[in-house]
Amino acid sequence: MSTIRTEKNLQGITTAHPDGIGGSPLRPDGILKVKGEFAYSSDMWHEDMLWGMALRSPHAHARILSVDVSEAVKHPGVQAVMTHDDIPGSKFYGLEIKDQPALAMGKIRYHGEAIAIVAADHPETARRALAKIKVEYEILPTITTEEQCLDPETYGYVHEPAEYKGHASGNVVHSQKVISGKGVTDEVRAMADVVIKGDYVVGMQDQAFLGPESGLAVPAEDGGVDLYIATQWLHVDREQIAPVLGLPENKVRLTLAGVGGAFGGREDLSMQIHACLLAQRTGKPVKIVYSREESFFGHVHRHPAKLTYEHGATRDGKLVYCDARIVLDGGAYASASPAVVGNAASLGMGPYEVPNVNMLAVALYSNNPSCGAMRGFGAVQACFAYEAQMDKLAAELGMDPVELRQINAVEQGSIMPTGQEIDAPAPVADLLRRVKALPLPPALDTTHLDVRDIPGALSNTSHGEGIVRGVGYAVGIKNVGFSEGFDDYSTARVRLEVIGGEPVAMVHTAMAEVGQGGVTVHGQIARTELGVEQVTIHPANTEVGSAGSTSASRQTYMTGGAVKLACEAVRNELVALGRKRYGWTYNDLSLVGGKVVSASAGALVPIADLLGDSAIDLTREHHHRPTVPFDKETGQGFGHVQYTFCAHRAVVDVDVELGLVKVVELAAAQDVGKALNPLSVVGQIQGGSTQGLGLAVMEEIVVKDGKVRNPSFTDYLIPTILDTPPMPVEVLELADEHAPYGLRGVGEAPTLSSTPAVVAAIRQATGLALNRVPVRPEHLTGTGE
Amino acid sequence: MEFLRPATWDEALAAKAEHPSALPISGGTDVMVELNFDRHRPSALLDLNRISELTAWESGRYEGQEGEVIRLGAAVPYARITRELSTELPGLSLAGNTVGSPQIRNRGSVGGNLGGASPAGDAHPALLAAGRDVLVEAESVRGTRLIPIDEFYVGVKRNSLEPDELIRAVRIPVADGPQQFSKIGTRNAMVIAVCAFGIALHPKNGTVGTGIGSAAPTPRRAVDAEEFIGGELAERGLWQSGGLIGPAAIQRFGELVAAAASPIDDVRGTAAYRRHALAVMARRTLTWTWNEYTQSLRSAA
Ligand SMILES: Cc1cc2nc3c(=O)[nH]c(=O)nc-3n(C[C@H](O)[C@H](O)[C@H](O)COP(=O)(O)OP(=O)(O)OC[C@H]3O[C@@H](n4cnc5c(N)ncnc54)[C@H](O)[C@@H]3O)c2cc1C
């Protein structure tokens, strides 16, 4: 083994691989998705397959007096009809609190709750059989308003005290206080020169993913079941499914099927248990695909919220105190409500230094649709309120709203109201400066109008009349990863072997690729760490350990981190092999361009030669630093893994006569620590910003007396391309030393501040208070709620 | 479910006579949604897509209608109306241009809009505004019936077709003056109208046509507003002079349009907003059409 060491030899092998980290290789699923060739979970098919379907309650609150399935059972082509009586194992499941029956038992608690399931040889047969199930209801008065929920003596209990499983009592699922400084007392109030109060309302937003809930359950010979499923977290699905089936976890095997978006809406189970129960019962593969309408009933939504804020500040704009109360409507079952409450309480002061805080956040049980995880997770609602407060305070003080925010912005070393020190960069003031410094879009040119550029667009409502421009700013703070003592570790298995003379890395995790681009990043990490060209991504399944959830902006941090650890372990073993074989004593070795390279001595040996016929196959777990639960009474505690910040500037045109809005531009600046894939990072920021824009001006599930009024994309509106403005993005990379590569979770922060920035801009254009999102034309024209 | 695929118009009429409960399907942009949502389970579908006359239009003179008329085949998609007929049928072209998305505009048709007769259909206000002599050509094996547009809409999603009838075409007089169409939606594309308004100036007979969408059980015209503004224009000699209508009359016109509606509160909007928006759209579109008219007077002079 001889090494020729020349400058030339080192060229090309020390430069980073263009498709390694920091590059923007295209996603492997991208072209397939654009061409409509990607196989989503709803596209799966199996020989002999049956179709499963659920009967759902048309009422929001009712006692079930009887369920008669006899006619449905007799319907030709029907293979099984099941109610809760037929469940072999535990009857309840839940993400954090097991309070949700797999099939309704005696009581209906929300509109659309599943009562019975059918498996038949054709979906049409299943539908007809469902129509033959006779359910007798005693309709009960609904418990849906805050007043009703908080007075169970008068209005009743969603979960009777005897069966209550939440962490609080009455109709409260969970509550969390945060008290810091002196709290908010008369003495503290007296220290403020100005006081700003406000009541805010956030409507119920939906994740509106495009791929409806679907999956295929295949019974296995060992009495277990194999489930192919579109989800966000394979292992926690399994943890909830297995007990209901009465099976040990190792007999329930999950493989990820093609996921058409998630945004938190797939963190809870939907059709998983139903498909498995029917497969178990019939001994045949069972596929369930929700229709779009059923999908609106089949997943949890973003918590609607009522928020009351009072801020006190000195004349020169320094915040003195904040007294806040956040009431989140959790709906019928707990879902992720406790963690959402934790976030709302701990992040509800925003990215500001507030010396004295009194915060209470609660989530209620009600007969409204269940609410749980959605991008931004408890931090979105609060951001709308505290940012509105900042604008009001700036107006009261006659200050520039950006300057007011900068004066109070947290920075590295600041102490959060929970007592947690921010021990990584927190460039809040700088992010605001950056969005403000971007050039403003040109004024509307009314002499050469293209109606597509103005509010109403092709609907042709204005030729320039009534249009007023406004500009608004906002910034937010989000946590990354699971908080409050949760160890949401990730596992990765990496195998290095020679195929066709070339070293190939295989990355195997249980990470749910829901569109975030995790599979692209895993390939990049493996290329960078192992110096290989070829990386295969193994299908995600439960044969490998948990990867945690694709949520909380955590997957690149956590599973990306696990892939990095596993690659490092493989590299160490490979190098050890080389040391043993060649007696190397270098301690400057790395893997570059398919070779083992010494920084001092140059390329030593091709990886393929060193490995030969052997393979290195190692699995590693990645745990983030530990956190602790927040103290119940004071909210104190090192509760969050990492903080992330994004700032927005929105420019809008409002037709003030018709109340129509066109967002002209939505600029963002975000610190991402390290952009592993800059193109994906910008995509995440633009996507998150758009989802926030949707909440600002159109997205709302309308619920009346517990009934969902708009379960379709005809009336649940999400932004189209004509609603989505140019979105310049400034990406900052200030490394967080606690995180792999210094990276910071990206996906959620942009969803927080875009909503208040858009609304601030509308306020500037109209002069209206606008304390509720989404803002509707009615609110801008004084013509209704 | 049976699927009938007539190759000719006569076969289609025969099939409809034999299966009066068969649901015609043209662009399918309403029918397929109804099927997918399981709101409708017709015993048979009558596919009209093989019948080429339905996707053609011609211009000519017809009995009972003054001047040049466009005979618009029932299945001509909106995209083609906007592309090919924006001069002859400006109001309908503008309305068609607000329908759904490019995909929907490539498939959806005026015949389908009329067949569904939804109060939210965007073609209706434009057709109503285009004149009282707009005629729906309904045909059956029994013969042809010309239904004046004012008699076509009879209830929520109900029209005056007989069970054995199909829409062959719509006969619409070529515009003799400016026409406009405005529609409110809570986003900037792909919306069902919260409310909509169509207007057409008819200098030849000195009238103004209007149509209101999504603000009453059926599409309807704002009769009082039409009479008021027609009277104003005539009495003040404005058709000839091309003078300004003036803010008071424009304001009054808006109020009368709003008053003609019977809107409801629903998930898409409140009744109060609908009335308010109709008044604004009425004022704006009247101003646009009048400006265009006076400009054409001036350039003709
Ligand atoms: C995403 C989306 C967006 C939409 N947006 C709009 C919008 O903005 N504005 C709007 O007005 N509509 C909208 N629609 C509804 C639809 O596109 C229109 O109503 C369209 O005009 C229907 O035309 P079609 O040819 O597709 O009708 P089809 O769906 O084929 O038929 C509609 C109805 O008409 C009947 N029919 C069709 N042809 C005939 C005939 N020749 N004789 C008798 N009956 C007939 C059918 O039986 C059926 O009842 C939208 C639909 C979708 C899916």
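Residues numbered from 1 in each chain as written. Chains lettered and ligands numbered in written order. Predicted model: local features only at pLDDT ≥ 70, side-chain atom pairs only at ≥ 80, totals over all residues. Heavy atoms only, no water.

Here's the deal with the interface of chain B and chain A
Each partner contributes to the interface: chain B provides 34 residues, whereas chain A provides 41 residues. Contact between chain B and chain A buries roughly 3100 Å² in total, counting both sides, with carbon and sulfur atoms accounting for 51%. One can count 6 salt bridges joining chain B with chain A. The salt bridge involving arginine 127 of chain A is made with aspartate 38 of chain B; its shortest N-O contact spans 3.6 Å. Across the chain B-chain A interface, the total number found is 22 residue pairs in polar contact (both at pLDDT 80 or more). (Contact = heavy atoms within 4.5 Å. Buried area = accessible area lost by both parts, 1.4 Å probe. Salt bridge = Lys/Arg side-chain N within 4 Å of Asp/Glu carboxyl O. Polar contact = N/O pair within 3.5 Å; in protein donor to acceptor, adjacent residues only side chain to side chain.)

Notes on the side chain of glutamine 670 of chain A
Residue and element names in this part refer to chain A. Turning to its location among the elements, glutamine 670 is positioned in strand E29 (residues 660-671). Engagement of the side chain of glutamine 670 in a polar contact is seen with the backbone oxygen of valine 746, the distance being 3.2 Å. Those residues in contact with glutamine 670 that lie beyond four places of it in its chain are Leu431, Thr644, Phe645, Cys646, Ile685, Glu730, Val731, Leu732, Gly745, Val746, Ala749 and Pro750. (Helix = DSSP H or I, 4+ residues; strand = E, 2+ residues; numbered from the N terminus.)

Here's the deal with the environment of threonine 55 of chain B
All names here are of chain B. Among the secondary structure elements, threonine 55 is positioned in the loop between strand E3 (44-47) and strand E4 (57-60). Remark: the alpha-carbon pair of threonine 55 and proline 217, spanning 162 residues in sequence, is separated by 29 Å. With residues up to four places along the chain from it excluded, the contact list for threonine 55 reads Ala75, Val76 and Arg80. Reaching out from threonine 55, the side chain makes a polar contact with the backbone oxygen of serine 52 at a distance of 3.0 Å.

Regarding the domain arrangement of chain B
The domains assigned to chain B are domain 1 (1-48) and domain 2 (179-300). Distance from the C-alpha centre of domain 1 of chain B to the C-alpha centre of domain 2 of chain B: 36 Å. (Domains from an automatic or database assignment.)

Observations concerning the sheet that holds strand E17 (residues 319-329) of chain A
All names here are of chain A. With respect to topology, 6 strands assemble into an open sheet ordered E9-E18-E17-E16-E10-E33, the strand pairing being mixed. Looking at which strands have only one partner, the edges of the open sheet turn out to be strand E9 (172-180) and strand E33 (772-773). Sheet topology note: the E17/strand E18 (residues 356-364) ladder contains 9 bridges and is parallel. Pairing of cysteine 322 across the sheet is with valine 357, part of E18. (Pairing = 2+ DSSP bridges.)

Overview of the packing of aromatic side chains
Within the structure shown, the criterion is met by 15 aromatic pairs over all chains. Ring geometry for phenylalanine 197 of chain B and phenylalanine 253 of chain B: centres 6.3 Å apart, planes at 70 degrees, overall edge-to-face. Of this pair, phenylalanine 197 of chain B sits in strand E12 (residues 195-202) while phenylalanine 253 of chain B sits in helix H11 (residues 247-260); the two residues are 56 residues apart in sequence, bridging distant segments of the chain. Residue phenylalanine 197 of chain B is classed as buried on the basis of its relative accessible area of 0%. Aromatic ring contacts, followed pair by pair, group Trp233, Phe482 and Phe486 of chain A into a single cluster. When the ring centre of phenylalanine 38 of chain A is taken as reference, the NZ or CZ atom of lysine 33 of chain A above it lies at 4.7 Å. (Phe/Tyr/Trp six-rings, centres within 6.5 Å; stacked < 30°, edge-to-face > 60°. Buried < 20%, exposed > 50% of the residue type's maximum accessible area, 1.4 Å probe, protein only. Lys NZ or Arg CZ within 6 Å of the ring centre and 35° of its normal.)

Considerations on the site of the ligand
Residue and element names in this part refer to chain B. As a structural note, the neighbourhood of the ligand is formed by 33 residues, with Pro24, Thr29, Asp30, Tyr78 and Asp122 the closest of them. Backbone polar atom of serine 26 to an oxygen atom of the ligand: 2.6 Å apart, as the coordinates give it. Within the side chain of tyrosine 78, an N or O atom sits 2.6 Å from an oxygen atom of the ligand. Relative to its unbound accessible area of 970 Å², the ligand is 88% covered by the protein chains. Listing elements by their share of the shell around the ligand, those giving two or more residues are strand E2 (23-25), helix H2 (31-36), helix H5 (102-107), helix H6 (110-116) and strand E10 (166-173). With 4 residues, H6 is the single largest residue contributor to the shell around the ligand. Grouping the constituent residues of the shell around the ligand by class yields 16 nonpolar, 13 polar and 4 charged. When residues of the shell around the ligand are sorted by domain, at least three fall in each of domain 1 (1-48) and domain 2 (179-300). (Near = heavy atom within 4 Å. Areas by Shrake-Rupley, 256 points an atom, 1.4 Å probe, with all protein chains shown as cover. Nonpolar A, V, L, I, M, F, W, Y, C, P; charged D, E, K, R; others polar.)

A few points about the sheet that holds strand E8 (residues 134-139) of chain A
Sheets are built from strands that pair by backbone hydrogen bonding, the pairs being arranged parallel or antiparallel. Residues and elements named next belong to chain A. Pairing in this open sheet of 3 strands is antiparallel, and the strands run E6-E2-E8 from one edge to the other. Two strands in the sheet have a free side with no partner beyond their single neighbour: strand E6 (107-108) and E8. Bridge count between strand E2 (residues 62-68) and E6: 2 bridges; the pairing is antiparallel. Of the residues in E6, the one forming a bridge with arginine 63 is lysine 107.

With respect to the packing of H11 of chain B against helix H12 (residues 271-300) of chain B
Residues and elements named next belong to chain B. Running from amino to carboxyl end, H11 crosses H12 at an angle of 135 degrees, the nearest separation of the two axes being 8 Å. By the angle between their directions, the pair H11 and H12 is classed as oblique. The handedness of the crossing between H11 and H12 comes out as right-handed. The segment H11 lies against H12, with Ile250, Gln251, Phe253, Gly254, Val257, Ala258 and Ala259 engaging Arg275, Leu278, Ala279, Ala282, Arg283, Leu286 and Thr287. Residues that form the contact of H11 with H12 fall into these classes: 9 nonpolar, 3 polar and 2 charged. (Axes fitted to C-alpha atoms, helices over the stretch in contact; angles between N-to-C directions. Parallel < 35°, antiparallel > 145°, perpendicular 65-115°, else oblique. Left-handed = near helix turned anticlockwise from the far one by under 90°.)

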